[in-house]
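# Chain and residue survey
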Amino acid sequence: MASSAATSATRTALRQAKGALRKSMASRLRGMSQEEVKGESSRVTLRILGSSTWASSSSVGIYLSTSGEVETDALCRAAFEQGKQVWIPHFALDPGIAAASPPRQPLPPPSPPPTKRTSSFAEEMRMLLLKDVQEYQSLKPNAYGIRELSVEMARVREEALASRTAPDLILVPGVAFDVHANRLGHGKGYYDRYLAQLHKAARARRVAAEKEPISVALSLSPQLLPESQMVPTDENDRPLDAIVAPDRTIFGPGSRWQNA
Ligand SMILES: Nc1nc2c(c(=O)[nH]1)N(C=O)[C@@H](CNc1ccc(C(=O)N[C@@H](CCC(=O)O)C(=O)O)cc1)CN2
Ligand SMILES: Nc1ncnc2c1ncn2[C@@H]1O[C@H](COP(=O)(O)OP(=O)(O)OP(=O)(O)O)[C@@H](O)[C@H]1O
């Protein structure tokens, strides 16, 4: 009992530390002007486009940026121009699928408090194949303000986990990063779980270790914490292969990212 109480206290402390960092980073990022974000995004984009990892990848997973993130518009367009396959996140809840799940309790049980809140987002993120740049340009923002395929299109669209041409490079968003290549996201664990599944799927397809997908986070300058500060992590948080910031690349343990 004592050790499970300690574990639960540790988890609470970790959740609080992550929450505090998300809050302080959000306020730092609000202090950046649009011009600063654009300028830094261009520098990150040039570093990605100039890397040999980008040059040798034929299939890329790219997040579609929202405020407080490195903008990915130029990267998406470059990927299409260069004939790469482009996969984007999808996390809108599909009401068709929700209707098939067991009915909710009319009232939450008095104790313990409910852990699940109603949300317009799915439990798990998927990565769906975009057809072309025209389709990319036609995407509409979801309830969170992030552009993605409509729920109807998403139902019939190829998903990366089951694909033989799954992305070999994933460009990952985040709130904060540290010099050990750790990442803090928005708190749903979508990318942590998805990357773990993608690696599992690659192993199941007997993809060689050196061909497993490379995950690289894109960071605005304030998002990369100073050496003295670490992102709070637990056993589910895997360091990335690299973090590319406007004037610095952080390499994760055993990284296969190649700048030049
Ligand atoms: N541009 C971009 N796309 C992305 C991500 C991202 O971080 N950036 N994601 C990276 O994972 C996924 C979306 N992640 C999300 C994470 C949290 C919430 C959300 O609802 N946050 C609430 C608080 C939590 C809750 O209500 O449960 C909020 O902000 O109010 C939504 C989406 C997929 N696409
Ligand atoms: N690989 C995993 N397997 C199972 N659960 C996981 C995994 N990774 C994360 N989780 C769970 O997801 C929840 C949110 O995790 P966390 O706070 O690290 O999210 P995040 O990485 O900041 O968010 P996101 O990836 O959506 O940007 C936690 O309860 C965590 O335990």
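Keep in mind it's a predicted model, so treat the numbers as computed, not measured. (Residues numbered from 1 in each chain as written. Chains lettered and ligands numbered in written order. Predicted model: local features only at pLDDT ≥ 70, side-chain atom pairs only at ≥ 80, totals over all residues. Heavy atoms only, no water.)

## Overview of the site of ligand 2
In the neighbourhood of ligand 2, 15 residues make up the surrounding shell, with Lys 18, Arg 22, Arg 183, Gly 185 and Asp 192 lying closest. For ligand 2, an oxygen atom lies 2.9 Å from a polar atom in the side chain of Arg 22. Between an oxygen atom of ligand 2 and a side-chain N or O atom of Asp 237, the distance comes to 3.3 Å. Within the complex, the protein chains bury 72% of what would otherwise be the 650 Å² of accessible surface of ligand 2. Secondary structure elements with two or more residues in the shell around ligand 2: α1 (2–30), β8 (183–184) and α8 (190–204). With four residues, the top contributor of residues to the shell around ligand 2 is α8. By residue class, the composition of the shell around ligand 2 is three nonpolar, five polar and seven charged. (Near = heavy atom within 4 Å. Polar contact = N/O pair within 3.5 Å; in protein donor to acceptor, adjacent residues only side chain to side chain. Areas by Shrake-Rupley, 256 points an atom, 1.4 Å probe, with all protein chains shown as cover. Helix = DSSP H or I, 4+ residues; strand = E, 2+ residues; numbered from the N terminus. Nonpolar A, V, L, I, M, F, W, Y, C, P; charged D, E, K, R; others polar.)

## Notes on the site of ligand 1
In the vicinity of ligand 1, 17 residues are found, and the nearest of them are Leu 64, Glu 69, Tyr 144, His 186 and Lys 188. Between Leu 64 and ligand 1, the recorded distance is 2.8 Å, taken from a backbone N or O atom to a nitrogen atom. Between a nitrogen atom of ligand 1 and a side-chain N or O atom of Glu 69, the distance comes to 2.7 Å. Protein chains shield 77% of the accessible area of ligand 1, which is 680 Å² for the free molecule. Taken together, the residues of the shell around ligand 1 break down into eleven nonpolar, three polar and three charged.

## Focus: the sheet that holds strand β1 (residues 59–62)
Read from one edge to the other, the open sheet built from seven strands follows the order β3-β2-β1-β6-β9-β10-β11, with strand pairing classed as mixed. Because the sheet does not close on itself, it has two edges, and the strands there are β3 (121–130) and β11 (248–251). Taking each pair of neighbouring strands and ignoring which way they run, the sheet shows an average axis angle of 20 degrees. Relative to strand β2 (residues 85–92), β1 is paired through three bridges, and the arrangement is parallel. Pairing of Ser 59 across the sheet is with Gln 85, part of β2. (Pairing = 2+ DSSP bridges. Axes fitted to C-alpha atoms, helices over the stretch in contact; angles between N-to-C directions.)

## Considering the packing of aromatic side chains
Here the structure, examined in full by the defined rule, presents four aromatic pairs. Judged by centre distance (5.1 Å) and plane angle (40 degrees), the ring pair of Phe 91 and Phe 121 falls under tilted. Note that Phe 91 is positioned in strand β2 and Phe 121 in strand β3, a separation of 30 residues in sequence. Both residues of the pair, Phe 91 and Phe 121, belong to the buried class. Where Phe 121 meets Tyr 144, the ring centres are 5.6 Å apart and the plane angle is 90 degrees; that geometry is what we call edge-to-face. A residue pair is termed long-range when its members are at least 10 positions apart, and Phe 121 in strand β3 and Tyr 144 in the loop between β4 (140–141) and β5 (147–148) qualify at 23 residues. (Phe/Tyr/Trp six-rings, centres within 6.5 Å; stacked < 30°, edge-to-face > 60°. Buried < 20%, exposed > 50% of the residue type's maximum accessible area, 1.4 Å probe, protein only.)

## Re the side chain of Ser 163
In this structure, Ser 163 sits in the loop between α7 (151–155) and β6 (169–172). Only 2.9 Å separates the side chain of Ser 163 from the backbone nitrogen of Thr 165, close enough to count as a polar contact. Among residues more than four places away in sequence, those in contact with Ser 163 are Trp 87, Glu 158 and Arg 205. (Contact = heavy atoms within 4.5 Å.)

## Thoughts on the confidence of the model for the protein chain
A residue-level look at the protein chain finds 90% of positions with pLDDT of 70 or above and a mean pLDDT of 92. Within the model, pLDDT remains below 50 along residues 99–103, and this stretch shows zero contacts once partners closer than five positions in the same chain are excluded. Across the interface, the model reports ipTM at 0.91; the global pTM reads 0.91. (pLDDT = per-residue confidence, 0-100.)

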